[in-house]
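Here is what each chain is made of, one letter per residue.
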2 protein chains.
Amino acid sequence: MQYHRDGFRSGDPRRHPATRVAGEDRDETDVLIVGGGPAGLLLSAYLSQFSDLTTCLVEKSRGPLELGRADGVACRTVETFASFGLAGRLIDEAYWVNETAFWHPDADDRERIVRTGLVQDVEDGLSEFPHVIVNQARIQDLLLGFMDNSPTRLTPTYGVEFSSLTIDRARTHPVEAVLRDADSGETRTVRAKYLVGADGARSAVRRAIGLSLHGEAAGHAWGVMDMLAVTDFPDIRRKAAIQSATHGSILLIPREGGYLVRLYVDLGVVDDENRAAVRRTTPEQIIEIARDVIRPYSLDIREIVWSSIYEVAQRTADAFDDAGTDLANGIDPRVFIVGDACHTHSAKAGQGMNVSMQDAFNLGWKLSGTLLGRTAPAILRTYSQERQPVAQELIDFDRSWSQLMAQAPADPDHPERGGVDHATLQDHFVRAGRYTAGLGIEYPPGPLIAGATSPTAARGYPPGQRFHSAPVTRVSDGLRTELGHVHLADGRWRLFLFADSDRRLFDQACAWLAEAPESPVLRHTPADADIDAVIDVRGIVQDHHRDVAPSDVPALLRPRTGRLGLVDEEKLFSAISRQAGTPDRDIFDDRDIDRSRGAVVLVRPDQYVAAVVAVDQVTTLTEFFGTFMSQPGPQPGPSHTVSAGGPERVS
Amino acid sequence: MQYHRDGFRSGDPRRHPATRVAGEDRDETDVLIVGGGPAGLLLSAYLSQFSDLTTCLVEKSRGPLELGRADGVACRTVETFASFGLAGRLIDEAYWVNETAFWHPDADDRERIVRTGLVQDVEDGLSEFPHVIVNQARIQDLLLGFMDNSPTRLTPTYGVEFSSLTIDRARTHPVEAVLRDADSGETRTVRAKYLVGADGARSAVRRAIGLSLHGEAAGHAWGVMDMLAVTDFPDIRRKAAIQSATHGSILLIPREGGYLVRLYVDLGVVDDENRAAVRRTTPEQIIEIARDVIRPYSLDIREIVWSSIYEVAQRTADAFDDAGTDLANGIDPRVFIVGDACHTHSAKAGQGMNVSMQDAFNLGWKLSGTLLGRTAPAILRTYSQERQPVAQELIDFDRSWSQLMAQAPADPDHPERGGVDHATLQDHFVRAGRYTAGLGIEYPPGPLIAGATSPTAARGYPPGQRFHSAPVTRVSDGLRTELGHVHLADGRWRLFLFADSDRRLFDQACAWLAEAPESPVLRHTPADADIDAVIDVRGIVQDHHRDVAPSDVPALLRPRTGRLGLVDEEKLFSAISRQAGTPDRDIFDDRDIDRSRGAVVLVRPDQYVAAVVAVDQVTTLTEFFGTFMSQPGPQPGPSHTVSAGGPERVS
């Protein structure tokens, strides 16, 4: 955590000095966000960091969520929370999904269930963070806390609904939205540069821009219940997929705090005929089904914390903005939808809240970059372009997974009756692990993902996938740290320069980035900003950290920053990391990086790898950035102070 | 983190429901604490957890500390903060001391310094936590935050000084203290059962009970300065002990946030003749000395954050309470001193704040235990008995360390001139590592430390030393976790039962603890309390966690707890822990525990090992506890519900 850069400030470093009065009811705003669920709040948290932007968030409920709803937090979401500095608190209070158990009818007595499998939940090395479970309300609380600590002190305006909008692209604030007080029904008008509908599956924003969800006609219903219970079911503190012979299936999710448990009880397909009946399912009936499913084990419920019947179909919209699916129509989108407003599906794979927040994370940097004048508005098209296929993939995955879970278990004595055997189910689960961890996404080449020009430079960093962290050692102080954790959710690009073995190309690349007029770092950074304000360059050398002297460090990697011109000593890392009692690791091995030519791994503000080239090809980045970045004006030369150290420093 | 035990509660689980209105100005209190520095606040935080106790904390300054003072946080202090749930935030924002550099005059040009050594700061395996550096103000903020979240919402009363006290042991509240408003001078009287002076080196409480500091007559002065600076000194982000040939020495401490640095500049011995002059040393003079010392490197100061001249001598009081040094006089102490009120010494070894907080941690459970009726008042004598020798040892260590640091460096060309050679200094530093980490303390056998009756049962757990954590795997959910982290700062004892290989003795010991009338668990736990309310028993089996079924678990280790009688599933661990990419570990190997007979490791509420016996000797604990614990009344039998699981559970 870096702070005191512009001078010492007492108090919690997580709390920034306020630059704006909180709770202003603006008539005009840069961004209007409708809906304060996980997607709306993550986007709000992202935008709240920028003192130069105004954001307004309205939420129709009367206050923060207290319980219920989603609870699965995939590894990728924890990584994302780490970029907000929130991962520590999140995983500290959450349940960690270490193992998943599978239960099926006993072959000898099909009225009893037996455990047929127990698998590690997250494959080794997939992420440095665990898969965890915690109430959606706490996820939202953490984001609200971040917003409250931000320079803009952004807070949601509760009790306000979206009513309608009009768009006039000729205005400075093209979107005019009518909002309605949920109590009084009074309306007011807010003009925004951009409007984001994070208003859930029945999104009024989606309707207002003429989009609708397509997909399965029939829905599927679940009873879901959070409970405090006493049971002799052996896996009460493990995630468990339980399938009975004749009473259906349940998914059991242990929850945060050590006692709470969630059950998803499958209530089957819903159509117009049975819908009313299904919706009348009582908590008692849910419990009854659960008891039948987990026989011979007991279930003694001490407190029902929350329960709900919900019905979803696998559906998604064709586009996620008001510019439509034709990417060549030249229209810059002004209204977006994120989260459940874009896609609906079951809770079975634990993806809903996670994919929704990743929608927001994808949009956040594009919106802020465009509003801050860093990126061309055209990149806003890539939000729908990148995320719509993700939603499509999600509902396809969910459909196959739900069908598998909903099938009756195969009866070994009656193979002719069909059904799913437990080996198939378990195998499917393990293979799907990368996907359900939120790590299966690979954005195809496009304006923001360069085709790999040097695929062999860093095979562990395929363009389009999220940057996969690995441990390294910081040169200045010998700290073992995760390289990926330097990547905060602050709108900046990261350019990781993995050095060639003798650092010759590395030094040249640093010099070019710091001095060449066509360097993207110089081109796209305003003259009065820190050299790392837009593209944050980090170096990783193959040497042991003790073998690197400050005088070996290229000036770009010890830049002067902030009001006081202090030297940032946290830009350079050794590839080798040491942890007591374990073999040393080397990120060049971990991520298969070319030792002789090195590699440049360029990472987007949302932590996805944008380009990988050999170090001597760093100049190709000029063209890549040129297509979508603004140029604050060609720099006459290196106007930024990048020379480091005191007056006696000569190199 | 366990919560929702008594029913679901929304919001931050760290924030407990308030049981008492904050900020009451009581005339009568259980404990009156004078001084809100690290020791006073740690004690306040400890006591704030108990709804049945009243605590009043007065501090003479007008508000929370904002900057300056101490900054070194030893591993043991981080462990202690972990027991309050505060370690994550602490180490997240702190500087981690990974390496320490030593600089001495260059043999070729003694006006220049060169690096003569670079050592790992904390020995491998010493603690699971790092040695960190952070402003004392932030340490205090974290404790204040804990107090604000506690059920009693304890807050300091600022601007109030201690004036005088009288003791009348016949009263229910024997200590009558006169407090004075620091602004108006108005006085008020508070009656307390116990008073704790945490009021610093010039403690008025100490004087009031007739104690004084003894030790060195002459003091030693340092100039200390927190700064934001630009330098080409290569170890600006490493802790560095720098000794020049002729300009004296400095200790350089990198600080939190990546830019801040602290310098300690040695100003030499202070006596009556030079005292006035030394105290007039200006910040500019401190900087001048620092510049001379670090030649040929530059030091360009951009902001002086804080600076101070301070003078200390190595001194300690003979006793830390009002009962005196005669332990057999039968007097129960009513007034205590903690922290700097007990001992003064240099900042060189980074011990001050740490040892002070450990004073408070030692006293906290004894005070709360006595006030809650759990322990006999006689154990309060052990506070002074245990901590006074620690203070004595500290000042002895500090004296030798400071003398070493203050010596001129040896000149290899003039060995006849004496001085310290850098190999000696570095060697001393490394050997002192365990001590400076706060882990060198071993309380001798006494009322609260049993002589080891089975020293071979667990050689890695010498009685009198702090319980050294190691990783294990929780049986119920497969979580890899640190065993030591179950030990919260909540006033409870922990009884770790390391099982014999076939668990025969282990099962017997659990049954005895749960059922025998002489079981300390039954004897000392009130009948209406949870079975783990006073002594929290945890089991560690040698089996892999997947090989242990709930039906194998002794009822004592799946107890019913809380208002709802929920089963606590977090009592049993497997000795074997697995981490991807590293060899499996086994706590029986890590801590040298007898596999055939197992071991019982009894740990005091302050995390010090009280007793180690083989599992079949668990019955000897009856006598150990009997000497100092209260007995809520002999239990007629096992009145606590310890049977676990649902109605079908039979064992």
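Model, not experiment: these values are computed from the prediction.

Along chain A, the regular secondary structure elements total 15 helices and 31 strands. Here the C-alpha atoms of chain A give a radius of gyration of 26 Å, agreeing with the 26 Å that 2.2 N^0.38 yields for 651 residues. With the principal axes as the frame, chain A shows a C-alpha extent of 80 × 65 × 50 Å. Taken across its 651 residues, chain A has 61% of its residues classed as buried. Here the analysis covers contacts within chain A between residues at least 6 apart in sequence; of these, 73% occur between residues at least 24 apart. For chain A, the exposed area adds up to about 23,200 Å²; of that, 48% sits on carbon and sulfur atoms. For chain A, the distance from the average position of its 69 positive side-chain charges to the average position of its 92 negative side-chain charges is 3 Å.

Let us now look at the domain arrangement of chain A. Residue and element names in this part refer to chain A. On domain assignment, one finds that chain A holds domain 1 (28–68 + 131–213 + 315–384), domain 2 (95–130 + 216–312 + 399–436) and domain 3 (451–649). Domain 1 and domain 3 are separated by 32 Å when their C-alpha centres are compared. Counting from both sides, the interface comprises 13 residues of domain 1 and, opposite them, 14 residues of domain 3. Summing both sides of the interface, domain 1 and domain 3 together bury roughly 1,100 Å²; the carbon and sulfur share of this comes to 55%. Its largest share of buried area at the contact with domain 3, domain 1 owes to Phe361, Trp365 and Arg374, together 53% of the area lost on that side. Connecting domain 1 to domain 3 are zero salt bridges.

Now for the packing of aromatic side chains. Residues and elements named next belong to chain B. Throughout the structure, instances matching the rule amount to 52 aromatic pairs over all chains. Between tryptophan 103 and tyrosine 297, the ring centres sit 5.7 Å apart and the planes meet at 85 degrees, which makes this aromatic pair edge-to-face. Taken together, the positions of tryptophan 103 in strand E5 (residues 99–105) and tyrosine 297 in the loop between helix H7 (283–293) and strand E17 (299–312) put the pair 194 residues apart, joining distant regions of the chain. The exposure class of tryptophan 103 is buried, given its relative accessible area of 3%. The exposure class of tyrosine 297 is partly exposed, given its relative accessible area of 22%.

By a simple turn and slide, chain B fits onto chain A: the slide is 0.0 Å along the axis, the RMSD is 0.0 Å, and the turn is 180 degrees. What we have between these two chains is a two-fold relation. Among all residues of chain B, the minimum C-alpha distance to the rotation axis is found for Thr582(B), at 2.8 Å. The overlap is high: 100% of the interface residues of chain B also sit at the interface in chain A, so the same surface is used on both sides.

We now examine the sheet that holds strand E7 (residues 132–133) of chain B. Adjacent strands of a sheet pair through backbone hydrogen bonds, lying either parallel or antiparallel. The three strands are arranged E3-E7-E4 (chain B) in an open sheet whose pairing can be described as antiparallel. In this open sheet, the two edge strands, each paired with only one partner strand, are strand E3 (72–73) and strand E4 (95–96) of chain B.

Our next topic: the interface of chain B and chain A. Contacts between the two partners involve 77 residues from chain B, matched on the other side by 77 residues from chain A. Together chain B and chain A conceal approximately 6,400 Å² of surface at their shared face, both sides included; 51% is due to carbon and sulfur atoms. When the buried area of chain B at its contact with chain A is split by residue, Phe8(B), Tyr259(B) and Arg546(B) rank highest and sum to 12% of it. With a shortest N-O distance of 3.6 Å, Arg563(B) and Glu303(A) are connected by a salt bridge. Seen at the junction of chain B and chain A, the total is 28 residue pairs in polar contact (both at pLDDT 80 or more). Elements represented by at least two residues in the side of chain B that touches chain A include exactly helix H3 (87–93), E4, strand E6 (113–120), helix H4 (136–149), strand E13 (219–231), E17, strand E25 (560–561) and strand E26 (566–567) of chain B. The residue inventory of the side of chain B that touches chain A, partitioned by class, reads 27 nonpolar, 21 polar and 29 charged.

Residues and elements named next belong to chain A. Within the secondary structure, histidine 173 sits in the loop between strand E9 (160–167) and strand E10 (175–181). When its relative accessible area of 11% is taken as the criterion, histidine 173 is described as buried. With residues near it in sequence (within four places) discarded, histidine 173 still touches Glu28, Thr29, Arg191, Ala192 and Lys193.

All names here are of chain A. Two numbers describe how helix H1 (residues 38–48) lies on helix H4 (residues 136–149): the axes approach to 9 Å, and their chain directions differ by 20 degrees. As the angle between them shows, H1 and H4 are arranged roughly parallel. Read as a crossing pair, H1 and H4 show a hand that is left-handed. Residue-level inspection shows Pro38, Leu41, Leu42, Ser44, Ala45 and Ser48 of H1 in contact with H4, the latter providing Gln136, Gln140, Leu143, Leu144, Phe146 and Met147. Of the residues belonging to the contact of H1 with H4, the class tally is eight nonpolar, four polar and no charged.

A few words now on the sheet that holds strand E22 (residues 480–482) of chain B. Residues and elements named next belong to chain B. Ordered in space as E22-E21-E27-E24-E23-E30-E31, the seven strands form an open sheet in which the pairing is mixed. Edge positions in the sheet fall to E22 and strand E31 (609–613), since each of these pairs with one other strand and no more. Across the sheet, the mean angle separating the axes of adjacent strands is 30 degrees when strand polarity is ignored. One ladder, built from four bridges, connects strand E30 (residues 599–603) with E31; its direction is antiparallel. When the bridges of E31 are listed, valine 601 appears paired with valine 612. Against the sheet, helix H12 (residues 504–515) makes contact with strand E23 (493–498), strand E24 (535–541) and strand E27 (572–574), and its axis sits at roughly 150 degrees relative to E23, the strand it touches most.

We now examine unusual backbone geometry. Excluding glycine, residues mostly have negative phi values, and the peptide bonds linking residues are mostly trans. Pro296(A) follows Arg295(A) through a cis peptide bond whose omega is 15 degrees. Along the chain, Pro296(A) falls in the loop between helix H7 (283–293) and strand E17 (299–312). Phi is positive for Gln607(B), which is not a glycine, with a value near 75 degrees. Relative to the helices and strands, Gln607(B) is located in the loop between E30 and E31. Given the relative accessible area of 7%, Gln607(B) is considered buried.

What counts and how
Residues numbered from 1 in each chain as written. Chains lettered and ligands numbered in written order. Predicted model: local features only at pLDDT ≥ 70, side-chain atom pairs only at ≥ 80, totals over all residues. Heavy atoms only, no water. Helix = DSSP H or I, 4+ residues; strand = E, 2+ residues; numbered from the N terminus. Rg over C-alpha atoms; globule rule 2.2 N^0.38 Å. Buried < 20%, exposed > 50% of the residue type's maximum accessible area, 1.4 Å probe, protein only. Contact = heavy atoms within 4.5 Å. Areas by Shrake-Rupley, 256 points an atom, 1.4 Å probe, with all protein chains shown as cover. Lys, Arg positive; Asp, Glu negative; His and termini not counted. Charge placed at Lys NZ, Arg CZ, Asp CG, Glu CD. Domains from an automatic or database assignment. Buried area = accessible area lost by both parts, 1.4 Å probe. Salt bridge = Lys/Arg side-chain N within 4 Å of Asp/Glu carboxyl O. Phe/Tyr/Trp six-rings, centres within 6.5 Å; stacked < 30°, edge-to-face > 60°. Least-squares fit on C-alpha atoms with pLDDT ≥ 70 in both. Pairing = 2+ DSSP bridges. Polar contact = N/O pair within 3.5 Å; in protein donor to acceptor, adjacent residues only side chain to side chain. Nonpolar A, V, L, I, M, F, W, Y, C, P; charged D, E, K, R; others polar. Axes fitted to C-alpha atoms, helices over the stretch in contact; angles between N-to-C directions. Parallel < 35°, antiparallel > 145°, perpendicular 65-115°, else oblique. Left-handed = near helix turned anticlockwise from the far one by under 90°.

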